[in-house]
Amino acid sequence: MRALFSLLWVACSGALVWAGCSGDDSPATPQDAGVDVTQDAPPPPPPPTDAGVDAPAPRDCTKDLAPDGIPNHLECAGLYSKMSDKTVAADNRPYKPGVEFWSDGAVKQRWVYLPPNTKIDTSNMDEWVFPVGTRLFKEFKLDGKLVETRTYFKVADATWKHATYRWNADETDAVRKDEGEKLPRDGGPVYEVPNTLLCDGCHDGRKDRALGFDAVSLGLPTATGVTLATLVAEGRLTVSPGATQVSLPDDGTTKAPAALSWLNINCGPCHNANTTAGAFFTNLFFLLKPSQVLRDDGGTATVEELDSYVTSVGVASGRMIPDAGGAFFERIKKGSPDESLAAYLSGRRVPPPGDPNSVEQMPPVVTRIVDTDGHKALTDWITALP
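Visitor: Tell me about the overall build of the protein, and name the residues and values.
Guide: The number of helices and strands found in the protein is 9 helices and 13 strands. The proportion of buried residues among the 386 residues of the protein is 53%. About 16400 Å² of surface is accessible on the protein, with carbon and sulfur atoms providing 53% of the total.

Visitor: Can you lay out the packing of aromatic side chains for me, pointing to particular residues and giving the numbers?
Guide: Scanning all chains against the criterion turns up 10 aromatic pairs. Here Phe130 and Phe213 contribute two aromatic rings whose centre-to-centre distance is 6.0 Å and whose plane-to-plane angle is 50°, an arrangement assigned as tilted. Remark: Phe213 occurs in the loop between α2 (196–203) and α3 (215–219) and Phe130 occurs in the loop between β4 (107–113) and β5 (135–142); sequence separation between them is 83 residues. Where Phe137 meets Phe153, the ring centres are 5.5 Å apart and the plane angle is 75°; that geometry is what we call edge-to-face. In this pair, Phe137 is assigned in strand β5 and Phe153 in strand β6 (residues 145–156), connecting sequence segments 16 residues apart.

Visitor: I'd like to hear about the pairing of strand β3 (residues 93–96), residue by residue, with values.
Guide: The pairing of β3 with β4 spans 3 bridges and is antiparallel. Residue pairing in the sheet places Arg93 in a bridge with Val112 of β4. Pairing of β3 with strand β11 (residues 224–225) involves 2 bridges; the strand directions are antiparallel. Within β11, the position partnered with Lys96 by the bridge is Thr224.

Visitor: Tell me about the environment of Thr302, and please be specific about residues and values.
Guide: By the secondary structure assignment, Thr302 is in the loop between α6 (290–293) and α7 (307–310). Put simply, Thr302 and Gln292 are 10 residues apart on the chain and 8.8 Å apart in space, counted from C-alpha to C-alpha.

Visitor: Can you explain helix α5 (residues 256–267)? Please cite residues and give values.
Guide: An ideal rise of 1.5 Å per residue puts 16 Å on 12 residues; α5 measures up with 16 Å between its terminal C-alpha atoms. With 10 of its 12 residues buried, α5 lies for the most part within the structure. All buried positions along α5 are accounted for by Ala256, Ala259, Leu260, Ser261, Trp262, Leu263, Asn264, Ile265, Asn266 and Cys267. Where α5 is buried, its residues contact α3, α7, α8 (341–346) and α9 (372–384).

Visitor: So, the state of the cysteines: which residues are in play, and what are the values?
Guide: Under the definition given, this model contains 1 disulfide. The disulfide partner of Cys61 is Cys76, and the gap between their sulfur atoms is 2.0 Å. Between Cys61 and Cys76, the S-S dihedral sits near -80°, and the bridge is therefore left-handed. One end of the pair, Cys61, is in the loop between α1 (2–9) and β1 (80–82); the other, Cys76, is in the loop between α1 and β1, and 15 residues separate them in sequence. Exposure class is identical for Cys61 and Cys76. Each is buried. The thiol of Cys199 is not disulfide-bonded; the next cysteine sulfur, from Cys202, is found 8.9 Å away. Residue classification places Cys199 among the buried residues on the basis of a relative accessible area of 6%. Owing to a relative accessible area of 0%, Cys202 belongs among the buried residues under this scheme.

Visitor: With reference to specific residues and values, describe the side chain of Arg150.
Guide: Relative to the helices and strands, Arg150 resides in strand β6. Under the relative-accessibility criterion, Arg150 is labelled buried at 9%.

Visitor: Please provide a residue-by-residue account of the nonpolar core, values included.
Guide: Among the nonpolar cores identified, the biggest contains 51 residues, and Ile120, Trp128, Phe130, Phe213, Leu231, Leu378 and Trp381 are the most heavily contacted of them. Put simply, the parts of the chain that give this core at least two residues each are α3, α4 (228–233), α5, α8 and α9. The biggest single contributor to this core is α5, with 6 residues. Among all residues touching Phe213, those that are not within four sequence positions of it are Tyr95, Val112, Ile120, Trp128, Phe130, Leu218, Val226 and Leu231. Counting residues in hydrophobic clusters, the runner-up holds 15 residues, among them Ile70, Leu74, Leu79 and Met83.

Visitor: Explain the sheet that holds β3 residue by residue, including any values.
Guide: Spatial strand order, β8-β7-β6-β5-β4-β3-β11: 7 strands in an open sheet with antiparallel pairing. Looking at the sheet topology across the chains shown, the edges are occupied by β8 (174–176) and β11. Where β6 and strand β7 (residues 159–167) come together, 8 bridges link them in antiparallel fashion. Bridge pairing in β7 links Arg150 to Thr164. Each of β6 and β7 touches α2; the most contacted strand, β7, lies at about 135° to it.

Visitor: A description of α2 should follow, citing residues and the corresponding values.
Guide: Each full turn of the α-helix corresponds to 3.6 residues, which orients residues three or four apart in the same direction. Every buried residue belonging to α2 is among Thr196, Cys199, Cys202 and His203, and all of these are buried. Buried residues in α2, looked at end-on, bunch into an arc of 95°, giving them a common side. Buried residues in α2 make contact with β6 and β7. For α2, the side-chain oxygen to backbone nitrogen distance between the N-cap and Leu197 is 2.8 Å, and the N-cap itself is Asn195.

What counts as what
- Think of each chain on its own: its residues are numbered from 1, step by step along the sequence as written.
- In keeping with the model being predicted, local features are shown solely for residues with a pLDDT of at least 70 and side-chain atom pairs are shown and tallied solely at 80 or more, while totals for entire chains, interfaces and linings include all residues.
- No hydrogens and no water enter the side-chain calculation; it runs on all heavy atoms of the structure.
- Think of it this way: any DSSP run of H or I at least four residues long counts as a helix, any run of E at least two long counts as a strand, and we number them from the N terminus.
- Burial classes: relative accessible area under 20% of the type maximum marks a residue as buried, over 50% as exposed, and values in between as partly exposed (1.4 Å probe, protein chains only).
- All accessibility values rest on the Shrake-Rupley procedure with a 1.4 Å probe; residue burial counts only the protein chains present in the view.
- Only Phe, Tyr and Trp rings are paired, with Trp represented by its six-membered ring, and only when their centres lie within 6.5 Å; those with planes under 30 degrees apart are stacked, over 60 edge-to-face, the remainder tilted.
- When DSSP locates at least two bridges between a pair of strands, those strands are taken to pair.
- Here the expected span of a helix is defined as 1.5 Å times the quantity of residues minus one.
- In this description, contact between two residues means that some pair of their heavy atoms is separated by no more than 4.5 Å.
- Cysteine sulfur atoms are paired as a disulfide whenever they fall within 2.5 Å.
- We define a nonpolar core as any set of buried Ala, Val, Leu, Ile, Met, Phe, Trp, Tyr and Cys residues linked to one another through side-chain atoms lying within 4.5 Å.
- To get an axis, fit a line to the C-alpha atoms, keeping to the stretch in contact for a helix; angles then go from 0 to 180 degrees between the N-to-C directions.
- Our arc is simply the arc of the directions from the helix axis toward the C-beta atoms.
- Side-chain atoms alone can form a polar contact between residues adjacent in sequence; in general such a contact is a pair of N or O atoms within 3.5 Å, and within protein one must be able to donate a hydrogen while the other accepts it.

What follows is the structure, given as structure tokens:
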């Protein structure tokens, strides 16, 4: 029972990070054109001098690196070409996955930098391998105010470095905050800037560590900025998929696509078949595989053929329903969210830390507010299952 209870407790400790879950520790070397990917990526260049009499002097970024090679200040991380007015460098291109990971209501922006003349190795469409020098940035705002920016850089084959930067009150500087921080919110629970160690809990669930920049996330019709179609048109993939837009299957309920895509981004990074994914041992897999929904023949699997369905619907959880006289949850029970462990855990949050009566939730860490829209998408689908 303990192992099966953990099916959702371990899930996405960090992508549903639950803040930021992998298989082979030695992914194939990307097939990059004109780049020696065996060498460490050079550090980002220092930003140019800001113009204007009142502009602060630029930071000497050559002296800003910590011993681990990561800058101490976001100003030196390569996101901005001009820190004073937050001008994003032109080579950092915005993107938004079709369904976003829930971060307790924070509003996010994302940018990606792909080194010139390189390609993402997509010979395995289910496991993209990025060129050395790839950089991912994600910005978080609460009530319109910048609170944190996370960076994720590939510095060598199978080696990524990441950091979280905490913004000051007047949004003029952001400094590394590896230990995390809990921020009070008016009329609600705290918002948690995660300890950077928590990020690995989900990122380790993908062979090349990056999350939210993949064929499904970028192929959904609601994706914007750099999309799957963009990458194909620009020749940035070594192998193009059978289609450039993902059309998720339905099962006659009309509710399946919304639920499946929410489970994919919020649970899939840990709940997948890679042996180093945090919830691999549960054999509960919510990750949508491009090989199933972007098949070379242009077709798609049925809902009933997807891992998300096969490993959850009608599968016993081994976990008792509270106050139900010894009745057990199923992982997903057709027609009954109240008897489905996935819905039970996604719809609750534990009391504050230290409460002796605290109970488990999904995801297990960092989040303190239920994603009501995502939870509803899941329960609507379960209710509609015949």
